[in-house]
Each structure stands twice: as structure tokens, then as C-alpha cells.
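Reading the structure
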Amino acid sequence: MEVKLSVCLNCGSFCPTLVTIDKGRVLKVEGDPEAPIYKGFICPKGRAIPQQHHLPGRLLHSVKRLPDGRRSPIGNDQAIDEIAGRIRRILDESGPESVAMYLGGGVAEQHAAPGVMRAFMAAIGSPMFFTAGTIDQPGLVLANALHGQWEGGRVHPSRCGAYLIVGGNPVISKQHLPQNPGQQLKTITKTGTQVIVIDPRRSETARRAAVHLQIIPGEDPTVLAGLVHLIFALNGLDEAFVRENTRGAEALRAAVADFTPEYVAMRAGIAANDLIAAARILIAARSGDTALGVGPSMATRGTLSSYLALCIQSLRGFWAREGEPVSRPRVLLSRQVRKAQPAPARSAWGFGRHSFARGLQQTAMGMPTAALPDLMMSKGKNRIRALFLHAGAMYSWPDQRRTAEALGALDLLVMHDVELTATSALAHYVLATRRQLEMPAVSQAAEQIGAIHPGYDWTEPYAFYRPATLEPPEGSDVIESWQTYYRLACKLDLTLEIGGTPLDMEQEPSTEAILELYCKGSVVPLSRVKQFPHGGLFDEARDVVGSRDAACAARLELADATMLSELADVRAEEVLARRRVDEDFPFLLITRRAQESTNSGVRVEGRIKISPNPAYMHPDDLASLSLGSGDRVEIRSRHGRVIAFVAADSDLRRGVVSMTHGFGARHSRDYDPRRDGANVNQLLSWEQEYDRYHGMPRMSAVPIGVRAADEPTEGPRCTHGGPERNAPGDA
Ligand SMILES: Nc1nc2c(c(=O)[nH]1)N[C@H]1C(S)=C(S)[C@@H](COP(=O)(O)OP(=O)(O)OC[C@H]3O[C@@H](n4cnc5c(=O)[nH]c(N)nc54)[C@H](O)[C@@H]3O)O[C@H]1N2
Ligand SMILES: Nc1nc2c(c(=O)[nH]1)N[C@H]1C(S)=C(S)[C@@H](COP(=O)(O)OP(=O)(O)OC[C@H]3O[C@@H](n4cnc5c(=O)[nH]c(N)nc54)[C@H](O)[C@@H]3O)O[C@H]1N2
Ligand code: SF4
Ligand SMILES: [Mo]
């Protein structure tokens, strides 16, 4: 028996762990008490790694789907040979744009993969690289472009007097408080940070807030505009900061003039005094920060909500000033000079590819995922014929039926997986993949995400490197995702480049060598980080915000024309028509993450109790429908229906139903809502009130109806007869 240091990759927290192993069997995973920052923290998903690792249905060999639908095992060398042949033919016949790649949650544990995936696409000359970023919080990135960025970065949490959390629940999701979030929240509130939470649910995070605005879903732009209005009305501007660093304050003041506390309260279903209390916290604080989760993003108008949050920060001067600590110090990335000055606004769209259905286009967040199903089903020249898919699309994309149709229309679908899921069951080739304990991991992965999304990374100069903890099972033939793309490139006579350095295409590099290349020029050399097996804090990477350039004339934009015109639309619209609730669809469905799962990829069956995804409702709403906790229900939207079961949750606003995504019928298994959990994405459509630019549709604040459903007479049944039915030949 031995105990090895490792790290959990089941979410973006990267908790350091101690793994007890006996003869290749993982017996126990605990938090590492000696690791800095985390203080031994670990959640149930980390403790369940032994069950996850020894999943009974694990793919130990790749499989190929035969034309008649049966599957046969195939060696990885043979599989890659065949895939290369098919890709070469598709490239010859239809050109590079007919080959696409989608990077989603599937690569979360494959730290070497994203860079090699991008290098492969660059080498074949295809721009069709899509990511989950456009069904997550694309508005954060677009709003940053429109507002301009403060080069000094955000305020370090230890200095925040106010912290505004909008539609996120870090205590469970860890997004925005990525290390031991409960402890982090306790520490900041103890040292004087006042937390404001805007959420239709009294979430685990909202419970600790000084002010909780329990709004009607979808009203974030209204409430944020109301806060901006009050900052002006109560003379809460940081006048010097606004004068020196922004433009458009007067236009913004005019644009929010009608978002009075009375109007906002009436529309968002909150008390005007609570809104005023929240504004007073923001105004009284000398410094602060805002954090947006997926709630406002999925309820549409995520760019506008993100933009208004940035405006609040700039009106209040909530940015790291000269001499203050850099809030996300770089360790395994190269040093970035941080100055106390604005970088000017830039285009968020309109610069890239426009040739997508419904006017969708490439934006600052990349290619629009919403365009992918259309492209796969296109009969035209723009058809995508081959897709490398790293995600649980059948669970996580809106409209499962369309997803199945689109994936089914491909000439070649290649997936990596650790088991056959409803998604990988559709692939022509499923490449059996190494699991997290079988690959090295490095904190740079989170630093990279943190450079795009402020909810990840560390606010101290922390870094870790962990070698693989154990070898794959004997007799298995499993691969890492990056190796697929490297080996395909070799067969296609392509040279891959990482950061300008060509890879050796004769001798396959090790994963370590790939990670070394990613860390080239980092503030702290990777070799030094490797000397700290528990992970370390690297004081030489601490940094302070430098002074402003004398010549800097850039300003943060408070009055972007598109944003202010969207805000005017919000104020002018008929609220109930916009909300689209009526007699048939009286409830609003919202998102929530659960402690026991991460998206569709992490659902460990066995020791921990799986949350089977109940539809949470307020007890009074249940009573009004004569329903009780545990009752089976049919949930309908204007686009689909699912069978689920309800549970009482008095923390919800009335009229709201809260469920988790990523659940649904498992491959080759009849569907039982109490065991599998309903797939909420069957209720969504790509075309429902989609964002004009990046295409993300309405995925929260979705109007639904709920009614009692009969219990099945003879055990579980596949109620949506969908594509996740057994493929012919499955045992
Ligand atoms: N209704 C609703 N829908 C949502 C959301 C929501 O809040 N509500 N959230 C959205 C958000 S924010 C996101 S980020 C997406 C996340 O959704 P996805 O991007 O789909 O991520 P996962 O579901 O985690 O994908 C995990 C799956 O990827 C596949 N996979 C591919 N390559 C690999 C690999 O190399 N290794 C492994 N282990 N698996 C691989 C496996 O089938 C695995 O089960 O969902 C989005 N969908
Ligand atoms: N345990 C676990 N952790 C995860 C994940 C997971 O699946 N499980 N997924 C990871 C991923 S991919 C992501 S992107 C992050 C997401 O991290 P978060 O954004 O923190 O995720 P959620 O828990 O879905 O929080 C969304 C919150 O928004 C609220 N909400 C819903 N609609 C609205 C609305 O219209 N307005 C407002 N103001 N609030 C609304 C919901 O009640 C909920 O509390 O989490 C990551 N971490
Ligand atoms: S799943 Fe849990 S243990 Fe694993 S990294 Fe996330 S918070 Fe830590
Ligand atoms: Mo996400």
C-alpha cells in the first residue's frame, strides 16, 4: 500500500489530494493537509475518485462503429490510421473548413490537449475551432472588449469592501472562489467584505450575503441598471477615477435614468429598499469586485449584464491601483506588465467570420457553437463533415434531438471517452482515454482559463505540477487526447507548432515535454515548481500594479452604443411578453449546479449519493399543484418535455423551478428519472431568443409547465425514445 500526492481534476478547483493505492487499485482519496491555501479541503467528488477510476464500464480499448451499427474493438494505432485516411479524403474533397473541433468539458483533465488541438487545426488550415465558451458566459469576454480592460486587473479579494455576485453560486460551483470556497467566503466576510448576491434562489452563497436580491429570473439587466442609477443618484461616483479613466458617464447616467428603485423593484419582484441597501454597500466600499455566474448569461442578455457590472466597477473605481498587489499573479505563464491604466475598448464582433446561419458570427469568444448543428446538417459548401468532439453534447447542448440528428449527419465523428455515453455512442471512433490519475497535471491550465475568465486561477502566486499517479490497467490500450492529434499530424505529414516551436514529428514527445513547452518563459520555471510536491507559493511571482504611462490616453467606455441601445430596449419592452409566461407555461426554469456532479462528465455512482436531479420547487407551488416531494411530473416547455420528479425547496422564489443540467438517460439503459435524472436540455432550443452575435439561446428563465405524471406500470421506460436508445449490437 502506498500514499501518493495528486490533485483532483473533477472541477476547476484543482484540490491537492492524497491517493491511497494498493496493487494498482485506488482505495482512498483525501485532501492534502500540507498543501498551501487549500487547508486539506476536498469535496465529495474528490473523495469519490476511487469509484470513478474503477468505473465498471470503463473503455480499456477503443471502439469503432461498423456501418450496420455494431461496435468492434480496435487498436489505437489502427484507429488513428483509419481516421487519418478519412480526414485526408475529406480535406481533399471538401477543404479544411469541412473539419471542425469542439473543446468542451471533456478536456478538463487533459492538460496537454488544448494546445495540441489548436496546433492541429492550424496545421490543416481550418478555422472551425469551437469551444464551450459560447454556451457558458461569452458575455463576460464580449463586455470586456466593449468596455475596455483595466490593465492593473481586478482588486485583490483581501482589499474588497464589497463583492457583488450575480447569478453564481461559488460555494457549490467554486467558480470565482476556486479554492475551498466556504472558507474563502468566511475569511472575506470576517475581514469586512460585504457580499451582495443577486439570485432567484437563496443559494448556499446567498445565505452568507449582507443583501440578497431574490429577483425574478431574467431581470439582471434591470437590477444592474438600477444599481448604476443609484450610484449616480446618491453621488456615489469615484469622481477622480471616472474623470481620468472613463468616457461616456453622462450618456450612461441618461440611459439608466428611468431605472428608478420603484421601477426596478416592481419589475424584478424585489423590495426597493433592498436595492438601495445594495447600492449603499457598493458606494460605501473603498474597493470591490463583481462576479457573474452562468445565471444571467443563460437567461439571455449576458453581454449587457456583464457590461453593466463593468460599468459599476469603473464608476466606483473598483480596479487595482498603482502599488496594489496584482490579484491574479502569473506563475507558470510569462510575466504580464500590469499598469494602472485602461486599455481601450475593441471590437467584440464584426471582425471575423460571418457566414453562419441566423447571422451568427465569430466574436471575441470565438466561433459560435450555436452554428455547429446547422453546419453539420448543411447541404451546402459550408458543410462540416468531420468533427473531433470533446464534450457531452447529448447532455449539455440545447435540443438533444437536433444534436443527435446533427452528429448523425457527420461523415466522421471522433470522440475520446472513458465509457460509452449517449454522446460517444454516436461516434464512428471512440478512443479509449487515460483518466486523470494516469496523466500529469499542471496549474498552468487554470492560469490560462483565468486569463480569459476571472472565476478561475489563484489570487496568490500558487503553482503545482503533479506527475501521473499510476499507470493504466494492464492489458489496456488507452491514449491521451493530445497524442491523437500528434499522431494524426504525423500520418498527414504535418508539423505541429506550440508557441512557435515545431514539435519533433519523428520521435513522439512525452506529455511532460509538451507541458514544458506550454510553460516556456514562465515567471517561475516549471523545473522549480516541480520541486514542491505539495504545490507551492512562489514569492518571486508576486507583483504590484505599476504606474500609468504618461502618454496613456485610453479610456474605459461607459456608453457603448450597442449596449445602451439594448438597455433602452429592455426599458421599453412589455415585461410579461418578454418573460413569456402564461397559463400553459406559468413557471420559469433556472439552472443550478450540484455538489455531486460536474456537467455530464463527473457523476460517480457508488459510494456517494448521486443527486438524481429533482425539479426543485417552492412548497407553496407544489401545494398549488397538489404535488408532494418525490412525485413524478411531466415538465413541458414550448420545445420539449421530460419526465422528472419534484422536491420541495423553500429557498426558491415562487414561480421558479430549479434543475441541474448534464443528466439524462445513460447509454444503453432505459430511462428512469429517479436514477438517471432528467435531461433539462430537452426543454431548450438553439433558436429560442438566441443572442444576435454568439447565438447562445435562452437556457435559464425558460417558461415551463409542470403537471403530475402517472407512475409507469412496469418499471423504468425510455420515455423520450431518443437517440440514446441502445445501438444495435450493444450488449
Ligand atoms: N441547461 C444547461 N445546459 C448547460 C449548462 C447549464 O448550466 N444549463 N452549462 C453549460 C456549460 S457552462 C458548460 S461548460 C457545458 C459543459 O458541458 P460539456 O462541454 O459537454 O462538458 P462535459 O459534460 O463535462 O463533457 C464531458 C464528456 O466529454 C466527453 N469527452 C470527450 N473527450 C474526453 C476526454 O478526453 N476525456 C474524458 N474523460 N471525456 C471526454 C465524455 O463523453 C465526457 O463524459 O454545458 C453547458 N450546458
Ligand atoms: N459541482 C459543480 N461545480 C461546477 C460545475 C458543475 O457542474 N458542478 N460546472 C462548472 C462550470 S462548467 C461552470 S460554467 C461553473 C458555473 O458556476 P456558477 O455560475 O456558480 O453555477 P451555478 O451553480 O449554475 O449558478 C448559477 C446561479 O444562477 C442562478 N440563476 C439562474 N437564473 C438566474 C437569473 O436569471 N439571474 C440570476 N441573477 N441568477 C440566476 C441560479 O439560481 C444559480 O444559483 O461551475 C463549474 N463548477
Ligand atoms: S471536484 Fe471537489 S475535490 Fe475535486 S477539485 Fe473540485 S472541489 Fe476539489
Ligand atoms: Mo461552463
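Within the structure shown, the criterion is met by 16 aromatic pairs. Seen from their ring centres, tryptophan 150 and phenylalanine 241 are 5.1 Å apart, and the 55 degrees between their planes marks the pair as tilted. Placement of tryptophan 150 in strand S8 (residues 149-150) and of phenylalanine 241 in helix H9 (residues 239-245) is noted, with a sequence separation of 91 residues between them. Considering the side-chain rings of tyrosine 462 and phenylalanine 464, the 6.4 Å spacing of their centres and the 55 degrees angle between planes classify their relative orientation as tilted. Taken together, the aromatic side chains of Phe14, Tyr38, Trp458, Tyr462 and Phe464 make up a single cluster linked through ring pairs. In this structure, arginine 571 packs its charged tip against the face of tyrosine 263, placed 3.6 Å from the ring centre.

This part takes up the pairing of strand S10 (residues 194-198). Summarising burial for S10: four of the five residues are buried, a large majority. As judged from the five bridges shared by strand S9 (residues 162-166) and S10, these two strands associate in the parallel manner. By the bridge assignment, isoleucine 165 is partnered in S10 with valine 197. The pairing of S10 with strand S11 (residues 211-213) spans three bridges and is classified as parallel. Across the sheet, the residue bridging to isoleucine 198 is leucine 213, located in S11.

The strand order across the open sheet built from three strands is S1-S2-S3, with neighbouring strands paired in antiparallel fashion. Only two strands of the sheet have a single partner each, and these edge strands are strand S1 (2-7) and strand S3 (25-31). Going from strand to strand, the sheet's axes swing by 30 degrees on average, the running direction of each strand aside. Pairing of strand S2 (residues 16-22) with S3 involves six bridges; the strand directions are antiparallel. Across the sheet, residue aspartate 22 finds its bridge partner in S3, namely arginine 25.

Conventions adopted
Residues numbered from 1 in each chain as written. Chains lettered and ligands numbered in written order. Predicted model: local features only at pLDDT ≥ 70, side-chain atom pairs only at ≥ 80, totals over all residues. Heavy atoms only, no water. Phe/Tyr/Trp six-rings, centres within 6.5 Å; stacked < 30°, edge-to-face > 60°. Helix = DSSP H or I, 4+ residues; strand = E, 2+ residues; numbered from the N terminus. Lys NZ or Arg CZ within 6 Å of the ring centre and 35° of its normal. Buried < 20%, exposed > 50% of the residue type's maximum accessible area, 1.4 Å probe, protein only. Pairing = 2+ DSSP bridges. Axes fitted to C-alpha atoms, helices over the stretch in contact; angles between N-to-C directions.

Function cannot be inferred from these measures alone, as they are strictly geometric.
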